[in-house]
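Coordinate inspection notes
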Amino acid sequence: MLRPLRERLRDEAPLLAIFSIMRSVEAVEIIALAGFDAVILDMEHGPYGIDELGGLILAARARGIYPIVRVARNEASLIGAALDAGAAGILVPQIGTVAEARMAVSAARFAPDGTRGANSWVRAADYGGAPDWFGRANAEAAIILMIEGKAGLANLAEIIAVPGLDGVFLGPVDLSHALGVPGQIDHPSVLDRMRAVIAEARMRGLSAAVFAPAIAGARGWLAEGATLVAVGVETGHLRSALLQVNAAVRAPA
Ligand code: 3PY
Ligand code: MG
């Protein structure tokens, strides 16, 4: 049994995750078997919908890792549906204002803490209809907001003060575009902003998560105090591994 993600995020030990866009139960299982702590099921960039999410969430849970769902956009019905399907946590892209942050957090919590649509006959509630599940769900499901644009950086202090928020997640790819250095995720202006956000979030007692496509970057962010690092996308890792095998087999003896 997995500990609730909200609780686990408060540990000192960081979590390692991989983004998954392949819509593949097998890919999710392999991420778990490789020893990662979580998979981020990416509905922003992955070609799948809510009807395909259940199997992927079950694969992650069966193999003992946290299924975190990145919803396609900040919309209450998407957040509620992913949680109902059994997501341990939700990642919301492109948060720019405190109003957007409040909306996302509210959508992930039942009343009195929020406005999540209530139904306890869903997978997340073991289909049981138990009235005491709502309180438990509020205590267990994590809500993490992505800071990956100029507005999010400018409004960071207000955003991270929203009650009930568990963490922020830095998207360096979008940040690099917003800061005028598209694709240069190691550009000093991107790195400096990321460091500042991590420091501010940690000071507030929030989890600070980062996307790092390469191993050196991931190690660096762990050393800088990130509490969750998503090391690339499984498609990229599969491609690299296959290129390596192909080149190695064809290499002259
Ligand atoms: C970004 O870097 O913009 C992300 O959203 C990471 O997936
Ligand atoms: Mg992004």
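Remember, predicted model here, so these are calculated numbers, not experimental data.

Side note on the environment of valine 25
Looking at the secondary structure, you find valine 25 in helix α2 (residues 25-33). For valine 25, a relative accessible area of 33% translates into the label partly exposed. Along the sequence, valine 25 and leucine 222 sit 197 residues apart, while their C-alpha atoms lie 28 Å from each other.

Notes on the coordination of the magnesium ion (ligand 2)
At this site the magnesium ion (ligand 2) is bound by Glu148 (OE) and Asp174 (OD), with donor distances of 2.0 to 2.1 Å. Here glutamate 148 is found in the loop between β5 (142-147) and α7 (150-154), whereas its partner aspartate 174 is found in helix α9 (residues 172-178), with 26 residues between them in sequence. Taking the relative accessible area as the measure of exposure, glutamate 148 reaches 2% and is therefore buried.

Some thoughts on the nonpolar core
Counting residues in each nonpolar core, the largest one holds 60 residues, and the members touching the most others are Leu41, Val69, Ile79, Ile90, Val92, Leu145 and Trp221. Element by element, the count of residues in this core is highest for helix α10 (residues 188-203), at six residues. Apart from residues lying up to four places away in sequence, isoleucine 79 is in contact with Val71, Asn74, Ile90, Val92, Ala104, Ala107 and Ala108. Among the nonpolar cores identified, the runner-up in size contains 19 residues, and Leu5, Leu15, Ile40 and Ile68 belong to it.

What counts, and where the lines are drawn
- Residues numbered from 1 in each chain as written.
- Chains lettered and ligands numbered in written order.
- Predicted model: local features only at pLDDT ≥ 70, side-chain atom pairs only at ≥ 80, totals over all residues.
- Heavy atoms only, no water.
- Helix = DSSP H or I, 4+ residues; strand = E, 2+ residues; numbered from the N terminus.
- Buried < 20%, exposed > 50% of the residue type's maximum accessible area, 1.4 Å probe, protein only.
- Donors = N, O, S within 2.8 Å, 3.2 Å for Na, K, Ca; no water.
- Core = buried A, V, L, I, M, F, W, Y, C linked by side-chain atoms within 4.5 Å.
- Contact = heavy atoms within 4.5 Å.

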